[in-house]
Amino acid sequence: MPYLSPALNVMTSAARKAGRKLIRDFGEVENLQISLKGPADFVSVADKRTERILIEELQRARPGYPILSEEAGLLDGPDKSHRFIIDPLDGTTNFLHGIPHFAISIALEREGQLVSGVIYNPISDDLFIAERHHGAYLNDTRLRVAARKQLNTCLSATGIPFLGRGTPDDQERFLTELRAVIEATPGIRRFGSAALDLAWVAAGRYDAFWEHGLKPWDIAAGILMVREAQGVATDLNGGERMLESGDILVANEQLHPQLLKLLKSAGRQASSAAPAT
Ligand code: IPD
Ligand code: CA
Ligand code: CA
């Protein structure tokens, strides 16, 4: 059975409560697909409503903790040794298009260290949890990253830059990375939820995941999930600045250095090909 600290308990019930509302809203989005205006406004209201439920639940149980949340920004609190980091809806584009692959992500930091994480897909009822030093679980099953060691057996997930995300140089770098990984591995997936991508690496479904330009709420819970499943999580320089830089690579101990080398060399290739400014 997973160990649930009191804080993880609070986070899990907040995610389940908000998830119930998200399921009802998702049903409504499916009805709105055929309307001329489309469901975009409705989704942004659903996103904010989910956030409100999460914030209310977390603040009720831990009134002093600051909360960093995607839509609300930083809600300050007197307890400076803790911070919740929330993404109420990760995979918004999927939600908007009626694709049942999205999640609520909640992390807790203590003294600047990630200590608890929850990633919850309310549609599949997959609840991923992690507690520092106590492992990561999917529902009641302990998670461990996959054991594949060779790039030629490695299935990766990634995030593709999109309208409004990244400069033309960032897009070029991504295309160069993509080519390098295409040439070295049997498959790449882009399912549209960074939080679930990380949880799925922890669960051994994907062997690796990399993306640039993410926000702390996309990855905080997932970083802990991967680490507690014995995986390695770094930024794309091999350092620890994932939350600051928004760049991340996760994999098992054997694949991580191989992918890091490949992606770094692709990054160098893209910047040497870029026209001087
Ligand atoms: C997005 C998802 C997506 C990633 C984007 C994120 P959102 O979060 O995680 O997979 O590629 O970079 O912004 O907007 O759905 O919360
Ligand atoms: Ca997100
Ligand atoms: Ca979001």
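Residues numbered from 1 in each chain as written. Chains lettered and ligands numbered in written order. Predicted model: local features only at pLDDT ≥ 70, side-chain atom pairs only at ≥ 80, totals over all residues. Heavy atoms only, no water.

Asker: Let's hear about the pairing of strand β3 (residues 82-90): which residues, and what values?
Answerer: The side chains of a regular strand alternate between the sheet's two faces. Of all nine residues that make up β3, eight are buried, and the element is covered over most of its length. Judged from the three bridges that link them, strand β1 (residues 67-69) and β3 form a sheet pairing that is parallel. Bridge pairing in β3 places Leu 68 opposite Ile 85. Relative to strand β4 (residues 103-110), β3 is paired through seven bridges, and the arrangement is antiparallel. Pairing of Arg 83 across the sheet is with Glu 109, part of β4. (Buried < 20%, exposed > 50% of the residue type's maximum accessible area, 1.4 Å probe, protein only. Helix = DSSP H or I, 4+ residues; strand = E, 2+ residues; numbered from the N terminus. Pairing = 2+ DSSP bridges.)

Asker: Before we move on, can you summarise the side chain of Thr 234 with the specific residues and values?
Answerer: Here Thr 234 shows up in strand β12 (residues 232-234). A polar contact is formed between the side chain of Thr 234 and the side chain of His 256, at a distance of 3.0 Å. (Polar contact = N/O pair within 3.5 Å; in protein donor to acceptor, adjacent residues only side chain to side chain.)

Asker: Help me get a handle on the domain arrangement of the protein chain, residues and values and all.
Answerer: By domain assignment, the protein chain separates into domain 1 (6-142) and domain 2 (151-271). If you average the C-alpha positions of domain 1 and of domain 2, the two centres end up 22 Å apart. With 34 residues of domain 1 at the contact, the number on the domain 2 side is 22 residues. Both sides of the domain 1 and domain 2 interface together cover about 2,100 Å² of buried area, and 70% of this is carbon and sulfur. Across the contact surface, domain 1 and domain 2 share one salt bridge. (Domains from an automatic or database assignment. Contact = heavy atoms within 4.5 Å. Buried area = accessible area lost by both parts, 1.4 Å probe. Salt bridge = Lys/Arg side-chain N within 4 Å of Asp/Glu carboxyl O.)

Asker: Can you lay out the coordination of the calcium ion (ligand 2) for me, pointing to particular residues and giving the numbers?
Answerer: Listed as protein donors to the calcium ion (ligand 2) are Asp 87 (OD), Asp 90 (OD) and Asp 218 (OD); their distances from the metal cover 2.0 to 2.2 Å. In this structure, the calcium ion (ligand 2) is positioned 3.7 Å from the calcium ion (ligand 3), and both are ligated by Asp 87. Of this pair, Asp 90 sits in strand β3 while Asp 218 sits in helix α6 (residues 216-228), and the two are 128 residues apart along the sequence. Pair check on accessibility: Asp 90 and Asp 218 agree, each one buried. (Donors = N, O, S within 2.8 Å, 3.2 Å for Na, K, Ca; no water.)

Asker: Please provide a residue-by-residue account of the coordination of the calcium ion (ligand 3), values included.
Answerer: Surrounding the calcium ion (ligand 3) are the protein donor atoms Glu 70 (OE), Asp 87 (OD) and Leu 89 (O), at 2.2 to 2.4 Å. All donor residues of the calcium ion (ligand 3) come from one chain, and their arrangement in sequence is E-x16-D-x1-L. On the basis of relative accessibility, which here comes to 32%, the residue Glu 70 falls in the partly exposed class.

Asker: Summarise the sheet that holds strand β10 (residues 187-189); cite the residues concerned and give the values.
Answerer: Strand order in this open sheet of five strands is β10-β9-β11-β13-β12, and the pairing throughout is mixed. The open sheet has two edge strands with one neighbour each: β10 and β12. When the angles between neighbouring strand axes are averaged without regard to direction, this sheet yields 15°. Taken together, the three bridges between strand β9 (residues 155-158) and β10 define a ladder with parallel strand orientation. Paired with Ala 157 across the bridge in β10 is Arg 189. Of the strands in this sheet, β9, β11 (208-211) and β13 (248-251) are in contact with helix α5 (residues 194-202), which crosses β11 at around 155°. (Axes fitted to C-alpha atoms, helices over the stretch in contact; angles between N-to-C directions.)

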